[in-house]
Amino acid sequence: MAHAGPDFYDDDAVFATYQGRRQRPDSPNDTMEKPVIVQLIGEVAGKHVLDLGCGDAAIGRDLLQRGAASYLGVEGSHKMAALARQTLAGTPGQVVMQTIEAWTAPAAAFDLTVSRLVFHYVADLTPVFAAVFRSLAGGGKFVFSVEHPVITSCNRGWPAGTRRQDWVVDDYFSTGERVTSWMGGTVKKYHRTVEDYFRLLRDAGFEVEALREACPQRNRFDDPQTYERRKRIPLFLVLAARKAPCKESDMASSPTHDNASNFPSGIGKPALRALDAAGYTRLEQLANVREADLGKLHGMGPKSIGLLHDALAAQGLAFADDTSVS
Ligand SMILES: C[S@@+](CC[C@H](N)C(=O)[O-])C[C@H]1O[C@@H](n2cnc3c(N)ncnc32)[C@H](O)[C@@H]1O
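Residues numbered from 1 in each chain as written. Predicted model: local features only at pLDDT ≥ 70, side-chain atom pairs only at ≥ 80, totals over all residues.

Chemist: Sorry if this is basic, but what is going on with the overall build of the chain here?
Modeler: When you go through the chain residue by residue, the secondary structure sums to 12 helices and 9 strands. Relative to a compact globule of 326 residues, whose C-alpha radius of gyration would be 20 Å, the chain shows 21 Å and is just as compact. Taking the principal axes of its C-alpha atoms as reference, the chain extends roughly 65 × 45 × 35 Å. Across the 326 residues that make up the chain, the buried fraction comes to 40%. (Helix = DSSP H or I, 4+ residues; strand = E, 2+ residues; numbered from the N terminus. Rg over C-alpha atoms; globule rule 2.2 N^0.38 Å. Buried ≥ 20, exposed ≤ 12 C-beta atoms within 10 Å, placed from the backbone.)

Okay, structure coming up:
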């Protein structure tokens, strides 16, 4: 049976094979895809980052080390989400275990949304891109990679379990579901054309800033044969897009603004002052805090705690001592 993306990665054998491949020194993700992603992301200091389909969240740890103000990974696989939590232990990074499609993105809460090699598992990207647009602050950036459409178009000529010798590109304009045997399992992917990804971004309101195909660079490969092989066909498509900057009058709601906060409306001024005095400026920070401790802040009443509880739950988060979620 063909699995959807998150279930596929929860399969024991697939998970082990995937982890093994990602750790290889010549992994195409590390030699070709990641360098382009990092280049397009650019400066991250002070930025609030969302990562859709974060996998092990290794990039989250890197971005926090490079000065990102916050990192939130959304991940649909239990195994991957658990690994991501391990990776982020001891950092302010957070993980929500939920599918991208089901997760409710908070409005204007992020400066950068990244998603690496996930969207070809998602059947309908229109609502996903609309949610990304809504959840970015004005001027915010959206950078993502997918398997290149020449790869997702067709699987013919590649017996399962063998090394691919030649690539067939066929049925290119017949977009939609593709069932693929890969890494010892069977998974559903969704083929789109290059033009589809470009149009989806424009339709969501983004300005497209860059389109890259992760051309291999000789200096990243120890093995010349691997380099020659990687020059044969593009494996990745990477796009960067931007939400137009807000007008001056909108700046107060930007997360990059000094007094930025995304606490829900309805919270009283005394509670907001109490949060501010305790150093809490973002809702996500409260997922590290026990409700019992929050209640001890001067000015914090049960109504405000209830609103914060509901706002956290809407993001798939909870207070640190909330035992109703795992
Ligand atoms: C190829 S891995 C990439 C992981 C990570 N982004 C990276 O580059 O290291 C794809 C990831 O997307 C996740 N994924 C696939 N479809 C998803 C969905 N609809 N919602 C949330 N996560 C999803 C999978 O569970 C898996 O962890």
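Chemist: Help me understand the environment of Gln217, please; the structure alone is not making it clear to me.
Modeler: Tracing the backbone shows Gln217 in the loop between β8 (207–212) and α9 (224–230). C-alpha separation for the pair Gln217 and Lys231, spaced 14 residues apart in sequence, amounts to 9.1 Å.

Chemist: Explain the sheet that holds β8 here, please?
Modeler: Judged by pairing direction, the sheet is mixed, and its 7 strands sit side by side in the order β3-β2-β1-β4-β5-β9-β8 without closing on themselves. The open sheet has two edge strands, β3 (94–97) and β8, and neither has a second partner. Within this sheet the neighbouring strands show an average axis-to-axis angle of 15°, counted without direction. Of the strand pairs in this sheet, strand β1 (residues 48–52) and strand β2 (residues 70–75) are connected by 5 bridges, and their pairing is parallel. (Pairing = 2+ DSSP bridges. Axes fitted to C-alpha atoms, helices over the stretch in contact; angles between N-to-C directions.)

Chemist: Where do I start with helix α4 (residues 58–65) in this structure?
Modeler: Each α-helix winds once per 3.6 residues, and so residues spaced three or four apart point in a common direction. Among the residues of α4, those classed as buried are Ile59, Gly60 and Leu63. Seen along its axis, α4 keeps its buried residues to an arc of 105°; they face one direction. Buried residues in α4 make contact with β1, β2 and α5 (78–88). Taken from the residues just after α4, Gly67 is the one with a positive phi, measuring 105°. (Arc of directions from axis to C-beta. Contact = placed C-beta atoms within 7 Å.)

Chemist: How should I be thinking about the confidence of the model for the chain in this particular structure?
Modeler: The predicted coordinates should not be examined in detail at positions where pLDDT is low. Confidence in the prediction for the chain averages 89 pLDDT; 94% of positions are at 70 or higher. Below a pLDDT of 50 lies the segment residues 249–259, which in the model reaches 21 contacts outside its immediate sequence neighbourhood of four places, other chains included. (pLDDT = per-residue confidence, 0-100.)

Chemist: Is there a simple way to explain the site of the ligand in this structure?
Modeler: Near the ligand there are 18 residues, and of these Gly5, Gly53, Gly55, Gly76 and Arg116 occur at the shortest range. In terms of residue count, the dominant contributor to the shell around the ligand is helix α1 (residues 5–10) (3 residues). (Near = placed C-beta within 6 Å.)

Chemist: Which parts of the structure should I look at to understand unusual backbone geometry?
Modeler: Across the chain, the bulk of peptide bonds are trans and the bulk of non-glycine residues have phi less than zero. Backbone geometry at Leu117 places phi at a positive 60°, although glycine is not the residue there. You can see Leu117 is positioned in the loop between β4 (110–116) and α6 (126–135). You will see that Met183, though not glycine, has its phi angle at about 55°, which is positive. With respect to the helices and strands, the residue Met183 is situated in the loop between β6 (176–182) and β7 (185–191).

Chemist: What is the right way to look at the environment of Gly46 in this model?
Modeler: In this fold, Gly46 is placed in the loop between α3 (28–41) and β1. Classification of Gly46 as exposed rests on a count of 12 C-beta atoms within 10 Å.

Chemist: Looking at this model, I keep getting lost on the domain arrangement of the chain. Mind explaining?
Modeler: Interface size is commonly expressed as the accessible area that is lost once the parts come together. You can read the domains of the chain as domain 1 (5–248) and domain 2 (261–326). Relative placement of domain 1 and domain 2: their C-alpha centres are 32 Å apart. Contacts between domain 1 and domain 2 engage 9 residues on the former and 8 residues on the latter. For the side of domain 1 that touches domain 2, the secondary-structure elements that each account for two or more residues are β2 and β3. Grouping the amino acids of the side of domain 1 that touches domain 2 by side-chain chemistry returns 5 nonpolar, 4 polar and no charged. (Domains from an automatic or database assignment. Nonpolar A, V, L, I, M, F, W, Y, C, P; charged D, E, K, R; others polar.)

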